[in-house]
Structures are given as C-alpha cells and as structure tokens.
Amino acid sequence: MGSTIILSRIFWSVAPFLLLAALWQFASLWFPPFLFPSLVDVFRRVFQILVDLGQFVDVLATVGRILAGLFGAFVLGGLLAVLMNRSPGVDRFISPILTFFQGIPALSWVVFAIIWFHGIEFRIFFIMVMTTLPAFTFQMIGALQAMSKDLFEMVLSFRPTRLQMFRTMVLPAVLPEILTAWKVNLGNAARVVVVAELVGATGGVGYQLLQQQQLFDMAGALAWTFQLVFFVLITQQIITMIERYAFRYRAVSERSL
Amino acid sequence: MSVAAAADPAMGITLDKVTKRFPKRGSDEGFVAVDRVDLHIDPGDMVALLGKTGCGKSTIFNMVSGLLEPSEGKVSVAGHDPFHEFDWFRGKVAIVFQNDRLLPWRTALQNVELGLELLGVPHEERRKQAMDWLSRLGLKGHEHDYPHALSGGMRQRVSIARAFATNAGLLLCDEPFSALDEMTANRLREEFSALVRENRKTAVFITHSINEALQIGDRIIVLERPAKIAYDVRLDRATGEAEKEAIRDRIKEVLAL
C-alpha cells in the first residue's frame, strides 16, 4: 500500500474531528465559557482527571461497573443462549420475555432498581445486566444456531468429550459473534452506566457529570465525558486487535487490498 | 492415552434386518430410507456402496458411523453398537466426508492433528504424525496454510490425511472425490486405495459412479430404492477387464430398474 493512500486514510479519519474542534474553538471566542469553553481548558481538565488519582478513581469506578455489568450479562446471556439452543421449549418461553425487556427504557430500569434494591453497586449492576442481557443472549443464540452442522458432525465423528467439543468447535465458531456482541454492548453499556450513576451513585463519571451540571461547568462536563469516550475507544481497539489475531485465518479478497 | 499410536485391527460390519424410517407429514409409517437390509462386511474389505441419489447410501453410512439410530434391526461394528456405544469407537472409526469439512480456523497441519488431539496424543507425537501424513499426500510446504489458501484437491487431501492420521481400523468415505475434477479425483482415488490396502483397513466407500466403484472396491454392493441390496459382487486381482465390463453392464441394468 502506497504512503499516499495511508496519508489519505489518516487525513479522512482525522479531518471530521479537526473540523468539529475548529468550529467549537471558533464558537468559544463568541460565547461564554459555560456554553462553549475553550478546548484548551477542556483538555487541561481532561489531563487533570488523568493525573489526579482522587478524580481518576471515579473513572475507574465507572469502568469497573461497565465491565462487571457486561461480564454478568455475558455469562447469563451465554447460559440462556445454550439452554435456548438446546431446547425449543425454553427458546419459545424465554425469547418473548427478552424481547419485552428490550422494549423497556434504560431509565425505567434505573427507577425499578432504586425502588427494589438498597445497595448502590448492586443497583447499577442490575441495571447494566438488564439493559445488555437481551442483546448478548440474542447474539449468542444466533451464533450457536449459525454454527456449521457439517463441521460439528465432523468433529463429533472423532467422539470428543463435551469439553473437547467446546474447545475445538463451539468456541472458535462463535467467537466472532461474541466479540461483535462485546463491541456493540460496550457502547450501550457506557451510555447506560452514566444514567445509572447520574441518578443513584455517589461516585463515577455519571455522578461527576451531575456535579458539573450543578456548577454549570461545561469544560468539566466535557472532560468527564471524554474519559468515558476514551475508555470505549481503547476497549474497542483492544477487541479489534484480538479480532485481527484470532481471525487471521479469514480469506481476504484481493480487490479489498 | 495414545490410542492412535498402535494400529487398530480392521473391523467387520454387520447389518441385521436394518430399517430406517424418517418422520413424514401425512404418513404414520414415515419415509422408509432403508428397508430390512442384511449385510456383512469382513474385516479388511474395501467395499464400494453404489446407488442412485436418494437410495439410502448415506443413511446406511450414518448408521454405521453411529450418527443415526436404526428404527429396526441391529447394526454391529466389531461386535459393538455404534450408536449406543458411541464412545467405544473413539479412535476406531474415521470418516472422509463428501466435502472436506476442514476447520477454517486451523491450518492444514492443525486440521490433520485434530483427531489425534482429541485422542490425547502428545503434542510432539501428533505433530510428527500429521507432518508425515501431509508429506505422504503431497502437501509438504503447505502445512501452515489455512484452508482458504488451498485448492479443492489439496483440501480433500488434508481431510484424507486427517482420517488416516488416527490410524482407525474402519474408514467410512462418503463420495469424497465427487466434487473434484476427473484428473485429481483419479489420482486421489489411486492414492486412497493404496493407503487403505497398505494400512489394512476396513473401508466403506459410498459412490454413485460405477467407474469409481470398479476402481476402488474389492466388493461392490448396489442398492435399489429404498436401500435394499440389489446386486453384490466381489472383485479381486484376477478379475479381468472382460469380467469387469460384464459387471459394469449388470450394475447399469440394476440401476436402470
């Protein structure tokens, strides 16, 4: 690939953000800081949060809540998907319930959690699990159902144990969908966790956003928002790297090179 | 546990009044795919099972391999029931399927290693055996290629190597060369029969090609629809061309009925 193409790609991926930043900076010259603060101030605040452990702990708390919620939904969704895949009766029973859950807004789950539970952390965990569970379950059951029956039968012909079958056939076959599910749900979870923390937490990015709103501090609100955006971008990048390594066996069309 | 380290003795197959019915809408009796078949295959025989499409060849094949349960009668391989004693056949039966059924996430070498890995053969030993089989089948230099980078003929060779690597006593082959061009299929057929004879296996070879049956089989069994033995003939080295022509004509007659 020529260096011109690489430069062109970098330019087109950066250009929209540069334009957006320039427009914002231009607006900051004409509007008061509580509406459009200078980006210099915003990134100074971003840096302060990163280097001040007292503030960074709130970022870590939010990250921990996102990962715990996603992991809980992933494990529960995986179990439900296996049961639904094994038994059409279970599938017929659970699918409508999960579809019903998908229609419930995240904010409603926040209200239910506040009414039902006392512990802040459990409330947030519950909200995270309930909002991401249907997507995880549906994506995993889709992956199990799409698994090649021919390949499954081929491995079965060697009479493997259940664990061997899982390791050699099921896991590699469903891994692409699992990683995609994590990518999709990560974005959803980052949005939901802020809502959950905004209403019911005493720490975390959501809680800090509430403080900035009460102080009318737009630079602070943006700086805390960026922390979450950075986390999502970094995690997505890590998942992409895992995908590149795990799926290196995939054929690449020469036309797309 | 190194099951594949020692060669398994060739295994005999007996079908005793075996019937297989599949459920069919609007019929209490169902669809009869195999109708009271009696068949005995001696250990070390190489049998070509010939018949038109839909005559029940694959159903017999699946019952012998233990993937299907007969509706009536008894299937016995080396005195054991392949369906109910499924695990007893671990390492004793190997299958070459119609399409190569290579795991796309494994290299050619890892695909050949699959059966040995499931049998618990130590890593170094299984790697050596897999390399040896790939080399014997003309795939030296392609060990680390993923299936998508191999041609159809090469992929089928990998699947043959995978079946032979476990050193199973019984080889079941379901039209393994039908998707290949005539030249490649001929060459692979010759290599395959030489390997079966050299390794003293019992082999059941499903085909719908009379030429293929004559080229490979020590014995040719022609099935009519639903699977019932219509013609059963034994060939040996003394069988001359004129006799083979007579057999060919008789098979054509039977298949035309």
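Residues numbered from 1 in each chain as written. Chains lettered and ligands numbered in written order. Predicted model: local features only at pLDDT ≥ 70, side-chain atom pairs only at ≥ 80, totals over all residues. Heavy atoms only, no water.

For chain B, an unreviewed UniProt entry supplies the name ABC transporter ATP-binding protein and the organism Propylenella binzhouense. The Sequence similarities (unreviewed entry) comment attached to chain B in UniProt states, word for word, "Belongs to the ABC transporter superfamily." (UniProt positions renumbered as here; feature names shortened; annotations may be inferred.)

Looking up chain A in an unreviewed UniProt entry gives the name ABC transporter permease subunit, with the organism given as Propylenella binzhouense. UniProt, in its Subcellular location (unreviewed entry) section for chain A, records the words "Cell membrane".

## Here's the deal with the pattern of salt bridges
One pass over the full model with this rule turns up 22 salt bridges over all chains. In this structure, Arg-45 of chain A and Asp-217 of chain A form a salt bridge, with 2.8 Å as the shortest nitrogen-oxygen distance. Placement of the pair is Arg-45 of chain A in helix H2 (residues 39–51) and Asp-217 of chain A in the loop between helix H9 (205–214) and helix H10 (218–246), with a sequence separation of 172 residues. Between Arg-189 of chain B and Glu-212 of chain B there is a salt bridge whose closest N-O contact spans 2.6 Å. With Arg-189 of chain B in helix H5 (residues 182–198) and Glu-212 of chain B in helix H6 (residues 210–216), this residue pair connects regions lying 23 residues apart in the sequence. A residue is classified by how much of its surface remains accessible, and Arg-189 of chain B, at 6% relative accessible area, is buried. Look at the salt bridges and you will find they share partners, linking Arg-65, Glu-121 and Glu-197 of chain A into a network. (Salt bridge = Lys/Arg side-chain N within 4 Å of Asp/Glu carboxyl O. Helix = DSSP H or I, 4+ residues; strand = E, 2+ residues; numbered from the N terminus. Buried < 20%, exposed > 50% of the residue type's maximum accessible area, 1.4 Å probe, protein only.)

## A short note on the UniProt feature "domain: ABC transmembrane type-1" (unreviewed entry) in chain A
Per the UniProt record, the feature "domain: ABC transmembrane type-1" (unreviewed entry) sits at residues 59–239 of chain A. Overall, residues 59–239 of chain A shows 88% helix and 0% strand. The separation of its end C-alpha atoms is 20 Å.

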